[in-house]
Amino acid sequence: MEEIDWPGMWRKALEESSWGQRAVKPEYWDGRVDQFEGVIKQSNRVEMILSRIVIEPDYTILDIGAGPGTVTIPLAKAAAALTAIEPSAGMLTRLTENASKEEVSNIRCIGKKWEDVELGKDIDAGEHDVVLASYSIVMKEIRSTLLKMNDAAKRYVYIFTGAGHKTAKNSFWSTIHSGKPSPDYIYLYNILYQLGIYANVAIMDSEFEMRFPDLDVAVQHYIQHFKGWIDLAEDSEEKLRAYLSENLVEDDGMLSLKQNMKTAMIWWAKESENSELNSLGERRNDA
Ligand SMILES: C[S@@+](CC[C@H](N)C(=O)[O-])C[C@H]1O[C@@H](n2cnc3c(N)ncnc32)[C@H](O)[C@@H]1O
């Protein structure tokens, strides 16, 4: 049977999506530090990740695309040491500031793209017990990206990424977004399969809540938020206002918007440890 070209489809989908075109550039992230940090702080991402992955106090962690450290710092607190890979200078500066504010001193930062990190030079193969990438798989050369993650890990690899497209009819996203969606977990799962890595997948709900004093502030927040990120259609503001009027809920004198997204956790244990660690992970995930 002819093999489906998942890596080629991944590249094409990434290149055609407005998110993919921007997210691959570190300078794009330099300009989004405050906004990104604000949004992630309002989400349940940290709790979701920490409750799902196996970290022992003596583990070392490699966090690829660490961003401002919202996830990285709690991970570092739970482990012996953490190496953060982050190519955006703006994100790296914020990560260092946040770590120092929280008096976390076991984080080593490498200011490079994952593609440019050399095993045996920047880090060793199998040096880190856990290799993790949370919403940071934006690399076009996806096979080498995933293989290097596998080689870097001693015990586990975890990838957190979107499941399903945000363009579902009547969703918040489709109200303002006119471009193509970025590729989601199903590409990665199939590419891993073709590489001989039979990964586990769990689909989870991630929640974001944003609170605003009034409708105008809410509309302007989202216009600013999406500007320079996605291609806003001409009538976006009008559509956004209509959507928000319908969906903002009064709560304690504020207007609140709750959004749900599906997150996929793709994870596998290194071959040598497979049976024991897989069952340990499954037990932890069922808890
Ligand atoms: C959406 S943020 C995710 C941040 C954090 N992991 C989280 O879950 O909150 C994506 C991050 O990946 C980084 N990134 C982009 N391309 C990368 C690459 N080629 N290698 C490593 N990191 C990359 C960006 O600079 C950005 O900080």
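Residues numbered from 1 in each chain as written. Predicted model: local features only at pLDDT ≥ 70, side-chain atom pairs only at ≥ 80, totals over all residues.

Asks: Sorry if this is basic, but what is going on with the overall build of the chain here?
Replies: Scanning the chain from terminus to terminus reveals 13 helices and eight strands. Among the 287 residues that make up the chain, the fraction classed as buried is 34%. If you take every contact in the chain between residues at least 6 apart in sequence, the share linking residues at least 24 apart comes to 73%. (Helix = DSSP H or I, 4+ residues; strand = E, 2+ residues; numbered from the N terminus. Buried ≥ 20, exposed ≤ 12 C-beta atoms within 10 Å, placed from the backbone. Contact = placed C-beta atoms within 7 Å.)

Asks: I keep staring at the site of the ligand and nothing clicks. Help me out?
Replies: Taken together, the neighbourhood of the ligand is formed by 24 residues, with Gly65, Gly67, Lys113, Ser134 and Ser136 sitting nearest. Here the shell around the ligand is composed, by residue class, of 14 nonpolar, six polar and four charged. (Near = placed C-beta within 6 Å. Nonpolar A, V, L, I, M, F, W, Y, C, P; charged D, E, K, R; others polar.)

Asks: Would you take a moment to explain the confidence of the model for the chain for this structure?
Replies: Note that predicted coordinates carrying low pLDDT should not be read in detail. Mean pLDDT over the chain works out to 88, with 88% of the residues at or above the 70 mark. Every residue in residues 274-287 scores below 50 in pLDDT, and together they form 12 contacts with partners more than four places removed in sequence or on other chains. (pLDDT = per-residue confidence, 0-100.)

Asks: Looking at this structure, I do not really get the nonpolar core. What am I missing?
Replies: As a rule of thumb, nonpolar side chains are buried together in soluble globular proteins. Membership of the largest hydrophobic core comes to 59 residues, with the highest contact counts inside it found for Val130, Val157 and Tyr158. In contact with Val130, not counting residues within four places along its chain, are Ile53, Ile55, Tyr59, Ile61, Ala153, Arg155, Tyr156 and Tyr158. One finds Ala218, Leu232, Leu240 and Leu244 within the second-largest nonpolar core, a separate group that totals six residues. (Core = buried A, V, L, I, M, F, W, Y, C linked by C-beta atoms within 7 Å.)

Asks: Explanation requested: unusual backbone geometry in the structure shown.
Replies: Note: most residues except glycine have negative phi, and most peptide bonds are trans. Unusually for a residue other than glycine, Tyr135 sits at a positive phi of about 50°. One can find Tyr135 in the loop between strand E4 (128-134) and helix H8 (142-152). Under the C-beta neighbour-count criterion, Tyr135 is labelled partly exposed, with 18 such atoms within 10 Å. Positioned with a positive phi, Asp252 is a non-glycine residue whose angle comes to about 55°. With respect to the element layout, Asp252 can be found in the loop between strand E7 (249-251) and strand E8 (254-269). Here Asp252 falls in the exposed class, since 6 other C-beta atoms lie within 10 Å of it.

Asks: Could you clarify how one ought to interpret helix H12 (residues 236-247) in this entry?
Replies: Counting along an α-helix, one turn takes 3.6 residues, and residues three or four places apart therefore face a common direction. Between its first and last C-alpha atoms H12 spans 16 Å; for 12 residues at 1.5 Å apiece the expected length is 16 Å, and the two agree. Here H12 has its buried residues at Ser236, Leu240 and Leu244. Buried residues in H12, looked at end-on, bunch into an arc of 55°, giving them a common side. Exposed side chains of H12 directed beyond 90 degrees from the buried face belong to Glu238, Ala242, Ser245 and Glu246. (Expected span 1.5 Å × (residues − 1). Arc of directions from axis to C-beta.)

Asks: Would you take a moment to explain the packing of helix H1 (residues 6-16) against helix H10 (residues 185-194) for this structure?
Replies: The axes of two packed helices give the description: the angle between them and the distance between them. H10 packs onto H1 with a crossing angle of 150° between their chain directions and a minimal axis gap of 9 Å. Our classification of the angle between H1 and H10 gives roughly antiparallel. In terms of crossing hand, the pair formed by H1 and H10 is left-handed. On the side of H1, the interface is formed by Trp6, Pro7, Met9 and Trp10, while H10 contributes Tyr187, Asn190, Ile191 and Gln194. Residue composition of the contact of H1 with H10, grouped by class: six nonpolar, two polar and no charged. (Axes fitted to C-alpha atoms, helices over the stretch in contact; angles between N-to-C directions. Parallel < 35°, antiparallel > 145°, perpendicular 65-115°, else oblique. Left-handed = near helix turned anticlockwise from the far one by under 90°.)

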